[in-house]
Amino acid sequence: MGQTPLIIDALQYNNWSEDIFKQMREGEVSAVHITIAYHEDFAETVENMITWNKYFQKYTDYIIHGKTAADVKRAKAEGKTAIIFGFQNCSPIEDDIGLVKVLHDLGARFMQLSYNNQSLLATGCYEANDPGITRMGRQVIREMNRVGLVVDMSHSAEQSTLEAIELSERPIAITHANPSFWFEALRNKSNTVISALAESGGMLGFSMYPHHLKDKSNCSLESFCQMIADSAEKFGVDHLGFGSDLCQNQPDSVVEWMRNGTWTNEMDYGEGSKSAAGFPDQPDWFQDNRGFKNIIKGLSNVGFNDEEIAKIAGENWLSFFEKSFSAKES
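Just so you know, these numbers come straight off a predicted model, no measurement behind them. (Residues numbered from 1 in each chain as written. Predicted model: local features only at pLDDT ≥ 70, side-chain atom pairs only at ≥ 80, totals over all residues. Heavy atoms only, no water.)

Caption draft 1: Spotlight on the overall build of the protein chain. The secondary structure content of the protein chain amounts to 11 helices and nine strands. Computed over its C-alpha atoms, the radius of gyration of the protein chain comes to 18 Å, within 12% of the 20 Å expected for a compact globule of 330 residues. Overall, the C-alpha framework of the protein chain stretches about 50 × 40 × 40 Å when taken along its three principal axes. Of all 330 residues assigned to the protein chain, the portion counted as buried reaches 57%. Counted over contacts in the protein chain with a minimum sequence separation of 6, partners at least 24 positions apart contribute 72%. Of the roughly 13600 Å² of accessible surface on the protein chain, 44% is carried by carbon and sulfur atoms. (Helix = DSSP H or I, 4+ residues; strand = E, 2+ residues; numbered from the N terminus. Rg over C-alpha atoms; globule rule 2.2 N^0.38 Å. Buried < 20%, exposed > 50% of the residue type's maximum accessible area, 1.4 Å probe, protein only. Contact = heavy atoms within 4.5 Å. Areas by Shrake-Rupley, 256 points an atom, 1.4 Å probe, with all protein chains shown as cover.)

The following block contains the structure:
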């Protein structure tokens, strides 16, 4: 493949800096869905948005605030990266459905219904029992559909995810996970889930986070790209993209906060362990945003043609954004 295709990454949570924004440009990444809330309430989430507005002013040569698919196209044309806001939990809406529209108005475009644990809306993938979408969850999905806030089930349990796919009037996303047929992990998704997702027009973003990879940090590029090829054969190429789950330059205290928040007095190690409690090392072929070019070469090596690579690299996400980010016509 000659010219670099449009590249979109559907999940990152980095320790943001000018160096990382420069790496995004070196990697020719045109859009990144970034996490601006894990456990934050509404007021704390707005504070994070204020911080990002300062980034947009300070680093105008590198980034813009992405609210629409048109913003992504503009970023591509201008050699910049569109930053798309999202939440890995439903904590920013607290217990108030009215905050769904408010947060969308402020620029949010994705919200996970749960983050590992049971929430007011759905069950997380670490719970022993999964009763599915809650009463409030059904109402919030309807409101998210109305305003154009994408339902994300990346950290949710299987029954909840299948119910969200069925209940949502608009296609949903699993922004960062891999198929469990390739590697069994609590966060990876079954064939049943991915088939339902694809059949409903949803999107799966492949994760490069080592806990989701076969052989973890030692996962080979060939293995990862072959997994994508096998997924395309099973589920079709039109519903697949990237969702790296890159957590670059973060201290280990951040992953501890992700896992524990304020919900427990005990130490929860999540996908790690007491002996390996911190962030795992990234595979050598994806250290930062410049690694997408390695993956694009790897996809070619496992048999994808240029059109298919362009879809996986970003065109599929762009099409999804075009259909998902605006309010439904009444």
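This is not the end of the story, as more comes after the structure.
Caption draft 2: Geometry of the pattern of salt bridges. All told, the structure shown has 11 salt bridges when counted by the stated rule. Here R74 makes a salt bridge to E78, at a shortest N to O gap of 3.6 Å. With a gap of four residues between them, R74 and E78 both fall in helix α3 (residues 69-78), about one helical turn apart. Here R74 falls in the partly exposed class, since its relative accessible area comes to 37%. For E78, a relative accessible area of 40% translates into the label partly exposed. Residue D288 is joined to R290 by a salt bridge in which the shortest nitrogen-to-oxygen separation is 2.7 Å. The class for R290 is partly exposed, based on a relative accessible area of 37%. In the salt-bridge network here, residues are joined through shared partners; they are E26, D288 and R290. (Salt bridge = Lys/Arg side-chain N within 4 Å of Asp/Glu carboxyl O.)

Caption draft 3: Inspection of a negative patch on the surface at higher detail. A cluster of like negative charges, contributed by E44, E47, E94, D95 and D96, occupies part of the molecular surface. Locating D96 in the fold gives a position in the loop between β4 (81-87) and α4 (99-105). (Patch = residues over 30% accessible without salt bridge, like charges linked within 9 Å, V, L, I, M, F, W, Y side chains within 5 Å. Lys, Arg positive; Asp, Glu negative; His and termini not counted. Charge placed at Lys NZ, Arg CZ, Asp CG, Glu CD.)

Caption draft 4: Examining the side chain of Q12 more closely. Relative to the assigned elements, Q12 resides in strand β1 (residues 7-12). A polar side-chain atom of Q12 sits 2.7 Å from a polar atom in the side chain of D9. With sequence-adjacent residues up to four places away left out, Q12 is seen in contact with M24, V32, H33, I34, T35, S244, L246, N289 and F292. (Polar contact = N/O pair within 3.5 Å; in protein donor to acceptor, adjacent residues only side chain to side chain.)

Caption draft 5: Just helix α5 (residues 135-147), in detail. Between the first and last C-alpha of α5 there are 19 Å, a value that for 13 residues agrees with the 18 Å anticipated at 1.5 Å per step. For α5, every residue scored as buried is listed here: G137, V140, I141, E143, M144, N145 and V147. Where α5 is buried, its residues meet α4, β5 (108-112), β6 (150-152) and α6 (158-167). Phi turns positive, to about 100 degrees, at G148, one or two residues after α5. (Expected span 1.5 Å × (residues − 1).)

Caption draft 6: Local environment of the pairing of β4. Most of β4 is tucked away: seven of the seven residues are buried. Burial along β4 is two-sided: T81, I83, F85 and F87 facing one way and A82, I84 and G86 facing the other are all buried. Two elements, strand β2 (residues 29-37) and β4, share six bridges in a ladder whose sense is parallel. Of the residues in β4, the one forming a bridge with T35 is G86. Sheet topology note: the strand β3 (residues 63-65)/β4 ladder contains three bridges and is parallel. By the bridge assignment for β4, H65 is matched with I83. Between β3 and its parallel partner β4, the chain crosses via α3, and the hand of that crossover is right-handed. Relative to β5, β4 runs parallel, the two sharing three bridges. (Pairing = 2+ DSSP bridges. Right-handed = clockwise from strand over helix to strand, strands pointing away.)

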